[in-house]
Amino acid sequence: MNEPLHQHLQAALASMPLPAGLCVAFSGGPDSSALLHALAQLPAARMHGLRALHVDHALHPDSAAWAAHCERFCAVLDVPCEVLRVRVDGDTGLGVEAAARDARYAALAMQLREGDCLLLGHHRDDQAETVLLKLLRGAGPEGLGGMRALRPFGRGQLWRPLLALSRRQLRDYVAAHRLEWIDDPSNADTRLARNQLRQEILPRLARHWPQAVDSILHSAALCRAAADALQAHWLAAFDALHDAASGSLDALGWLALAPALREPLLDHWLHARGLRAPGKAQRRQIERQCGARAGQLPCVRWAGTELHIWKGRLWALPPGRAVDAGWQVRWRGEPLALPDGGELTLAIEDTRLDEPLLVCLRRGGERIKPDGDAHTRELRDLFQQAQLPPWRRHACPLLYADDELVAVADRWISARGAAIFRQAGTSPRWRAGR
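Residues numbered from 1 in each chain as written. Predicted model: local features only at pLDDT ≥ 70, side-chain atom pairs only at ≥ 80, totals over all residues. Heavy atoms only, no water.

With that settled, the discussion passes to the overall build of the protein. Scanning the protein from N- to C-terminus turns up 16 helices and 21 strands. Counting all 434 residues of the protein, 45% fall into the buried class. Per element, the accessible surface of the protein, about 22,400 Å² overall, is 51% carbon and sulfur. Averaging the positions of the 54 positive and the 49 negative side-chain charges in the protein gives two centres separated by 4 Å. (Helix = DSSP H or I, 4+ residues; strand = E, 2+ residues; numbered from the N terminus. Buried < 20%, exposed > 50% of the residue type's maximum accessible area, 1.4 Å probe, protein only. Areas by Shrake-Rupley, 256 points an atom, 1.4 Å probe, with all protein chains shown as cover. Lys, Arg positive; Asp, Glu negative; His and termini not counted. Charge placed at Lys NZ, Arg CZ, Asp CG, Glu CD.)

Quick look at the structure:
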């Protein structure tokens, strides 16, 4: 156990609160190979159920062979290995690299048991690259603080125990132990931003400033300390501005904050909703649109997210599905999937209507006389009075008996509609898609 990597991991494990289990995200590359091999030599790691997870993205013709290599590598070490096969959605607007990362992390999070630690092989050179990328994208103190060594993840935690070690130290370990590893050809593609930094920019910096990586990481540590100090202030502001019932934020209250509080608060809110943070241009656009006049319905979009400004509040949603305004279907009460991902059901399961109703979507100008109301109402007015968010109105299911509108989802029902549902002994239930 006199190997520097063994000693480093032994000390790191000793300093950690005892996890329920240790799980290595194992790509088969040199860094994760060094991490897994070194951990397998430590009794303390095996005592915590050391295992490996390999994600097969199916993006390369050799991905199945890579998965088989990882299984063989783990079999030699007598470490359990599970291969997770994911589908990478290339149509999200994120780019293949980011979409693959999202799919990978989602799959890994699903495999964590309560209290587990997922270990990643990121090292100090990766950290320097991350900080430079964040700087070039206009990040604030949180982003410039780089990757956190430990953070919540799924039902456990994500741990990067190698951030103090260099790429060279890990490659030396791999060479010393003659470990076979996967060389993913995408790592040589300098069209990818991180590869450009790794292979061209950082080597040039190091030639002129030999201590470049040390200086970058020193600045990152200062930014991390600043971000942690600011966190207490923006968390207090978040509690004051956030409405837990609707999940929305007070737009003008958010805009009034100093930028150092405004930006991390927005990111925290979006991440808690499973959404991506905006870029610099979208942030400025959100700030400009917070002062929109009454009646305007601004929406700022970026990959994976829509941010609406409505009723003086910020509302964040995943992008809406394209909805065919001509969609319609006959319905007798069975669970009905709606075009926006929502669902129409009956309150009492397995109940059916005596006669089918026609379910369709708004086309404009619809009117209904709610049961007990003396007047026929335009749907537009009813939606406004009920403060139904505009992004839900276009996919709200309308129920027709013959050519008569008898129900608007579960919101308004005419006298004829009330009689139809009374005879069936139930009522409609609508779950919006977002």
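This next bit is on the pairing of strand β5 (residues 150–153). Note: β5 against strand β6 (residues 156–159), four bridges, orientation antiparallel. Counterpart to Phe153 in the pairing with β6 is Gly156. With antiparallel pairing between neighbouring strands as the criterion, β5 and β6 make up a hairpin whose turn holds two residues, including Gly154 at a positive phi of roughly 55 degrees. (Pairing = 2+ DSSP bridges.)

Here we take up the nonpolar core. Nonpolar side chains tend toward joint burial in soluble globular proteins. Counting 34 residues, the largest nonpolar core has Leu5, Leu36, Leu39 and Leu50 as its most contacted members. Per element, the largest residue contribution to this core is six residues, and it comes from helix α2 (residues 30–40). Not counting chain neighbours up to four residues away, the residues in contact with Leu5 comprise Ala34, Ala38, Leu162, Leu165, Leu170 and Tyr173. Judged by nonpolar contacts, the second largest core, of 31 residues, contains Val359, Tyr400, Val408 and Ala424. (Core = buried A, V, L, I, M, F, W, Y, C linked by side-chain atoms within 4.5 Å. Contact = heavy atoms within 4.5 Å.)

A few words now on the sheet that holds strand β18 (residues 398–401). In spatial order, the strands read β12-β15-β18-β19-β20; together these five strands make up an open sheet with antiparallel pairing. Single-partner strands in this sheet number two, and they are β12 (328–331) and β20 (412–413). Sitting on the sheet, helix α16 (residues 415–424) touches β12, β15 (357–360), β18, β19 (404–408) and β20, and the angle it makes with β19 is about 65 degrees. (Axes fitted to C-alpha atoms, helices over the stretch in contact; angles between N-to-C directions.)

According to the stated counting rule, one finds 28 salt bridges in the structure shown. A salt bridge links Arg276 to Asp102; its shortest N-O distance comes to 2.7 Å. Of this pair, Arg276 sits in the loop between α12 (259–272) and α13 (280–289) while Asp102 is found in helix α5 (residues 96–111), placing the two residues 174 residues apart along the sequence. Under the relative-accessibility criterion, Asp102 is labelled partly exposed at 29%. We note a salt bridge from Asp228 to Arg148, for which the minimum N-O separation is 3.0 Å. Pair noted here: Asp228 is in helix α10 (residues 212–241) and Arg148 is in the loop between α7 (141–144) and β5, with a separation of 80 residues, a long-range link. Judged by its relative accessible area of 35%, Asp228 is partly exposed. (Salt bridge = Lys/Arg side-chain N within 4 Å of Asp/Glu carboxyl O.)

Attention now moves to the packing of α2 against helix α8 (residues 167–176). Two elements in contact, α2 and α8, have axes whose closest approach is 9 Å; the angle formed by their N-to-C orientations is 65 degrees. Of the possible angle classes, the one that applies to α2 and α8 is roughly perpendicular. Seen along the crossing, α2 lies across α8 with a hand that is left-handed. Only Leu170, Arg171, Tyr173 and Val174 of α8 make contact with α2, whose side of the interface consists of Pro30, Asp31, Ala34, His37 and Ala38. (Parallel < 35°, antiparallel > 145°, perpendicular 65-115°, else oblique. Left-handed = near helix turned anticlockwise from the far one by under 90°.)

Moving on, we get to the packing of aromatic side chains. Applying the stated criterion across every chain, the model contains six aromatic pairs. Consider the rings of Phe26 and Phe73, whose centres lie 5.2 Å apart with planes at 45 degrees: the pair is tilted. Taken together, the residues span a long stretch of sequence, with Phe26 in the loop between β1 (22–25) and α2 and Phe73 in helix α4 (residues 63–77) at a distance of 47 residues. Accessibility classification places Phe26 together with Phe73 in one group, the buried group. (Phe/Tyr/Trp six-rings, centres within 6.5 Å; stacked < 30°, edge-to-face > 60°.)

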